[in-house]
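Spelled out, the chains give:
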Amino acid sequence: MPDTDMDRHEAIMQFLYRAPIGLVEVALDGTIEMLNPMAARLLLPLAPDGEMENLFAVLARVAPQLGEMSAAFLAPSGTVCEGIRIPLDAGTGGNPAVQVLAVSLLKLSATKLMAVVSDVTLEVQREQQGLDRRLNAAERTDTLTRMPNRAAVRECLQATMDREPAAKGPGFAVLFLNCDRFKQINDTHGHSVGDRVLGMMAERLRAALRLRERIGVATDVKPIAARVGGDEFVVVLNDLQHQDDVFAVAQRLLDVLTTPYGVDALQLTLGVSMGIVLEAQATGDADAVLQVASVAMTEAKRGGGMRFAVFEPEMQLRAARRGDIEADLRSALAESQLYVVYQPVVGLRTRGAIDCTAGVEALVRWLHPTRGVVVPVEFIAVAEECGLIGAVGDYVLNAACRQFVQWQRDLGLRAPRTVAVNLSRAQLEQPGFVSSVEAILRATHMPPASLQLEVTESLAAQHEQVRAQLRQLKSLGLTLALDDFGTGYSSLSSLHLLPVDTVKIDRSFVSQSDSSAHHRVLIEATVRVANSLGMSTVAEGIETHEQAVVVRDLGCDKGQGFLYSAPLLPDDVAHWLRAGTVRAA
Ligand code: C2E
Ligand code: MG
Ligand code: MG
């Protein structure tokens, strides 16, 4: 090389040596061959025992992926990775002003790498300040909780999504939170109490997320918590290193938010459901991510609430199907596509015979214009979610009461003596439900004592408020049945707490009563306890003569099932009854 070129090369080396960025020349296995003073200053605090022999070893704890990335980079030269951010925690030592490093790795030749290390603390702080400034702007703040609002969180999330994807770990995660039945607090205690609970929730969220150590997650940007709707909050976690961190934070937030709230003399409990979207699942823009997070939240709620669900693509299909059903159900109500069928309930305590006039259970059906007959499992839950259950429930109750009175008129002593109507949880939670039942009884001239309302265990086992509502219903003169007993929450030992008159033993027990001694014992115990509390029993889903004999011998008062009859249209019920009201068992 001529002298002048040598000089130029020397000058470049001198320049690089003094440059205000860290430069490290390393062999492919990470062995350090040369480093400038800036690199030494930035990296030394990370080096275990001050050893600076191998770059990958120095960075092993904070960027363990580097060695693998360079080994996987097969081209003879080029950029292996660029600008990987490394948050330094307080325990690293060194200059406390240096909080975040950025590392890039270039392959210079088949045997050499160059690492570029820089201190990006100021840049990150500026990003953070920009974020804070934007979050603090009034139009981006929720007035009730002083939290960022939907517009603000959408903007921040978009900024996060526009950054380079995470080099390691799950990157960012979006947590979408919604309270289970918050409306009930507003309706029961008034909006000012509801507002105070929301304020307390915001405070708890802030406190739980405030310190990096508290949530146990290393991030270089603090998490964002926002209120995006009435009882909806969104949390965005950034730069996560481990997937488990997301679940740990999610569980922690659920725990703190579901701890009872003291408002004046009230102790209020609240359920929370949460949907989670991880960076790898995030497609489209921030709005799209928030939307799928809320779909996951709905799944968590459908699963019973008080839990989190991580987004899966099938959830969106299910949500779309529910959306279709919801739209169609609105027109179904308007266009009278709903109707009611009645399944006979027979008396078993007549020696050697069954009493066919014991009663009927009303079961709703939907004649869909293109799908044909839709059964309740496919639409009752959707009706509950979209607030149509009140209208559906009122329709069924009205139809059943009118039909009962009509049978009394047409069939006299051959008419069913009771009609049972299923209630869903959401109906009971509606303010004014008891008076709407009273109004229907009056309008249809239904004798209250002949109406039985069926509630499920999970509903009846709920807190005192629900039980008080059930007692009010009973004060109208009607009776209550506990449906599907044995499948849910309550046990025989808590049966005495529920204000019910009849226990309906679930089909899953009855169907095994002829083959399983265990199930027979459970049925017998249920009958004994129910009788001792003055309650009667119905065996549901009897399909064979053997099952009928077993449940009768175990003491069940009544039975229902395909053995006697499937659910029928009103005229077919009349035919079925005219064929004989007492039959051989
Ligand atoms: P459920 O109240 O326990 O009603 C009994 C269900 O078991 C009915 O299903 C009935 O057709 C079915 N079933 C009766 N006997 C047999 C049998 O021997 N074998 C078998 N395999 N099944 C039998 P359906 O009509 O599909 O209703 C399902 C559930 O939907 C009901 O369970 C009830 O919880 C709910 N539901 C039905 N109508 C209404 C309604 O008007 N309002 C509300 N909220 N829920 C309703
Ligand atoms: Mg029922
Ligand atoms: Mg049932």
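Residues numbered from 1 in each chain as written. Chains lettered and ligands numbered in written order. Predicted model: local features only at pLDDT ≥ 70, side-chain atom pairs only at ≥ 80, totals over all residues. Heavy atoms only, no water.

**Student:** So what exactly am I meant to see when it comes to the overall build of the protein chain here?
**Tutor:** Along the backbone of the protein chain there are 22 helices and 22 strands. If you line up the protein chain on its principal axes, its C-alpha atoms span 120 × 50 × 45 Å. Here the protein chain holds 585 residues, and the buried ones make up 48% of them. Here the analysis covers contacts within the protein chain between residues at least 6 apart in sequence; of these, 65% occur between residues at least 24 apart. Total accessible area on the protein chain stands at roughly 27500 Å², and carbon and sulfur atoms take up 54% of it. When the 55 positive and 70 negative side-chain charges of the protein chain are each reduced to one mean point, those points stand 8 Å apart. (Helix = DSSP H or I, 4+ residues; strand = E, 2+ residues; numbered from the N terminus. Buried < 20%, exposed > 50% of the residue type's maximum accessible area, 1.4 Å probe, protein only. Contact = heavy atoms within 4.5 Å. Areas by Shrake-Rupley, 256 points an atom, 1.4 Å probe, with all protein chains shown as cover. Lys, Arg positive; Asp, Glu negative; His and termini not counted. Charge placed at Lys NZ, Arg CZ, Asp CG, Glu CD.)

**Student:** I keep staring at the coordination of the magnesium ion (ligand 3) and nothing clicks. Help me out?
**Tutor:** In a perfect tetrahedron of four donors around a metal, the angles come out at 109.5 degrees. In a perfect octahedron of six, they are 90 or 180 degrees. Looking at the magnesium ion (ligand 3), one finds its protein donor set to be Asp483 (OD), Asp484 (OD), Glu540 (OE) and Glu540 (OE), positioned 2.0 to 2.6 Å from the metal centre. Read in sequence order, the donor residues for the magnesium ion (ligand 3) give the motif D-D-x55-E. A separation of 4.0 Å is found between the magnesium ion (ligand 3) and the magnesium ion (ligand 2), which are bridged by Asp483. Relative accessible area serves as the criterion here: at 6%, Asp483 is assigned to the buried category. What makes Asp484 partly exposed here is its relative accessible area of 26%. (Donors = N, O, S within 2.8 Å, 3.2 Å for Na, K, Ca; no water.)

**Student:** Looking at this model, I keep getting lost on the environment of Thr456. Mind explaining?
**Tutor:** Relative to the assigned elements, Thr456 resides in strand β17 (residues 451–456). Overall, the relative accessible area of 29% leaves Thr456 in the partly exposed class. In this structure, the C-alpha to C-alpha distance between Thr456 and Leu290, residues 166 residues apart in sequence, is 34 Å. Filtering out sequence-adjacent residues up to four positions away, Thr456 remains in contact with Leu482, Asp483 and Asp484.

**Student:** Which parts of the structure should I look at to understand the coordination of the magnesium ion (ligand 2)?
**Tutor:** On the protein side, the magnesium ion (ligand 2) has Glu361 (OE), Asn422 (OD1), Glu454 (OE) and Asp483 (OD) as donor atoms, found 2.0 to 2.2 Å from it. Here the donor residues for the magnesium ion (ligand 2) map to a single chain with the spacing E-x60-N-x31-E-x28-D. We classify Asn422 as partly exposed; its relative accessible area is 29%.

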